[in-house]
Amino acid sequence: MTTLDRFLTGDRVALAKVISFVEDRSDGYDRVLSRIFSGGKTTYRVGLTGPPGAGKSSLVNRLAVLLADQGLRVGIIAVDPSSPFSGGALLGDRVRMQALYGRPEIFVRSMATRGSSGGLAAATKDVCVVLEGFGFDIILVETVGVGQIELDVASVCDTVVVVFVPESGDAIQAMKSGLMEIANVFCLNKSDRPGAERIKAELESILDVHRQVRMVAKDSPPPWETPVIPTVAIRDTGIAHLWEAVSQHRRYRSQADPAGFRKARARSDLVLSLTELTHERLERTLFESDQLNLAVEQIVSGRADPYTIAHQLFDSWRRS
Amino acid sequence: MKKIRVLLAKPGLDGHDRGIKVIAAALRDAGMEVIYTGLRQTPEMVVEAAIQEDVDFIGMSILSGAHMTLFPEVLRLLKEKGAGTIHLFGGGIIPDQESVELEKQGVGKLFGPGTTTEEIVTYIRSVAAKKKQEPVM
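Small disclaimer: the values here were computed from a predicted structure and weren't measured. (Residues numbered from 1 in each chain as written. Chains lettered and ligands numbered in written order. Predicted model: local features only at pLDDT ≥ 70, side-chain atom pairs only at ≥ 80, totals over all residues. Heavy atoms only, no water.)

Bringing the domain arrangement of chain A into the picture now. Residues and elements named next belong to chain A. Domain parsing of chain A yields domain 1 (1-36), domain 2 (38-257) and domain 3 (273-319). Computed from C-alpha atoms alone, the centre-to-centre distance between domain 1 and domain 2 is 26 Å. Tallying the contact residues gives 16 residues for domain 1 and 19 residues for domain 2. In terms of surface lost to domain 2, no three residues of domain 1 exceed Arg-12, Ile-19 and Glu-23, which account for 43% of the buried area on that side. Applying the counting rule to domain 1 against domain 2 returns four salt bridges. One salt bridge connects Arg-109 with Glu-23, and the closest N-O pair in it is separated by 3.6 Å. Remark: the boundary between domain 1 and domain 2 carries seven residue pairs in polar contact (both at pLDDT 80 or more). If you list the elements that add at least two residues to the side of domain 1 that touches domain 2, you get helix 2 (12-23) and helix 3 (29-36). Per element, the largest residue contribution to the side of domain 1 that touches domain 2 is eight residues, and it comes from helix 2. Among the residues forming the side of domain 1 that touches domain 2, the class breakdown is nine nonpolar, two polar and five charged. (Domains from an automatic or database assignment. Contact = heavy atoms within 4.5 Å. Buried area = accessible area lost by both parts, 1.4 Å probe. Salt bridge = Lys/Arg side-chain N within 4 Å of Asp/Glu carboxyl O. Polar contact = N/O pair within 3.5 Å; in protein donor to acceptor, adjacent residues only side chain to side chain. Helix = DSSP H or I, 4+ residues; strand = E, 2+ residues; numbered from the N terminus. Nonpolar A, V, L, I, M, F, W, Y, C, P; charged D, E, K, R; others polar.)

All names here are of chain B. Examined against the element boundaries, Asp-17 turns out to sit in the loop between strand 1 (5-9) and helix 1 (18-29). Of the residues examined, Asp-17 reaches a relative accessible area of 18% and is grouped as buried. Side-chain polar atoms of Asp-17 contact the side chain of Lys-21, separated by 3.1 Å. (Buried < 20%, exposed > 50% of the residue type's maximum accessible area, 1.4 Å probe, protein only.)

This brings us to the packing of aromatic side chains. Applying the stated rule across the entire model yields 10 aromatic pairs over all chains. Over the ring of Phe-136 of chain A we find Arg-73 of chain A; its NZ or CZ atom is 5.3 Å from the centre of that ring. Stacked on the ring of Phe-57 of chain B, the Lys or Arg Lys-131 of chain B has its end atom at 5.4 Å from the ring centre. (Phe/Tyr/Trp six-rings, centres within 6.5 Å; stacked < 30°, edge-to-face > 60°. Lys NZ or Arg CZ within 6 Å of the ring centre and 35° of its normal.)

Time to look at the interface of chain B and chain A. Contact residues are listed per partner, giving 30 residues for chain B and 38 residues for chain A. Carbon and sulfur atoms make up 51% of the area that chain B and chain A hide from each other, which totals about 2,900 Å². Ranking the residues of chain B by area buried against chain A places Gln-52, Val-136 and Met-137 of chain B at the top, with a combined share of 26%. One can count five salt bridges joining chain B with chain A. Asp-54 of chain B is the partner of Lys-17 of chain A in a salt bridge, and the nearest nitrogen-oxygen pair spans 3.0 Å. Seen at the junction of chain B and chain A, the total is 20 residue pairs in polar contact (both at pLDDT 80 or more). Among the elements of the structure, helix 1, strand 2 (33-36) and helix 2 (43-52) of chain B are those that each provide at least two residues to the side of chain B that touches chain A. Ranked by residues supplied to the side of chain B that touches chain A, first place goes to helix 2 of chain B with five residues.

Laid out in structure tokens, this is it:
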């Protein structure tokens, strides 16, 4: 019996091995993915993102317990950064996820970014596909601690929760573009701290402006009203509220267009796969041949410019 | 590309985690992916995390004297759950004769006070080099 066979019978050791195989981009990983691919009809992907120390892991910990208690199967992907210098990583999200042990409905996997800079690893969407193929109902994707522009989570997940804290005052100003625009739900964690009420009101007024700007066409469906949900993850406060907001967004998406979010997801997954494939092939043919070095010589000696050469190299690669 | 993945754990009631954090940083700097699970882990928690994370190694730090209970229990659970290929090693205050006894039972090397981080990195790399990857399909 191969690992893939055992995976298909629901063996969790095999699940972990398949994830590694895909994550490592081992030879034939895409064939494995195509065997596993289920279309994710019954799975919903929820992303949690936000600045470092906002409490993303603690929220995932609470959410997963809440969902598992409802009988749902929950797969968790917790991403932490790889060192750009050593390539190593310290993956510590489990420290905040102590409630998840001994629960057969829950599976937690830590992932290092391995060179990606968008807040997730390049393989994160494929690990989602693996978890969907295994039959999880909900996938919680926790990004690295982010600033403004690490927005990959928006193309991988169906609902994005942006987590912030009362101390994020100035950060909210900075978040007006980027992070702010991908939030479907805002979670104000550590909301028992001073200043929580004020920052919630501030954020809601910014969101109101955003909403008015977006209300243009008369016949278009009413835009989603991004809620701000206060929580205190370590005291298990507000978690059911948070999940209710996520569920409302899920309903909103499927009412607007029942197959819509699956189309959007399929589209972005496909674009990501194509980009990676193109990059990989291009790298293999160009970087491993002498073409690149020859081109560099031409540029340095003044016989050609990089823009023309880039087009020539690309065209010759496409014909080959 | 395959990365060496190591789970580092502090099982039992011992709260002295400075040593294991030094090891975690050293392994990260050596290019490995280190999963740190925090304090007061039971053997069941250690093994469950190791399986989900598909690690190649488990490193346990025990300074409480409970090593003759905790190491064999983790080994037993790994075999029981079908994860016997994960290599278990460790460190702490472990008398020589008990070290020998644990190694006889199948635990890897146990590092005592004065060990350099380089020795541990070298050890992990040499064991990893001998491991073969099984095909998925």
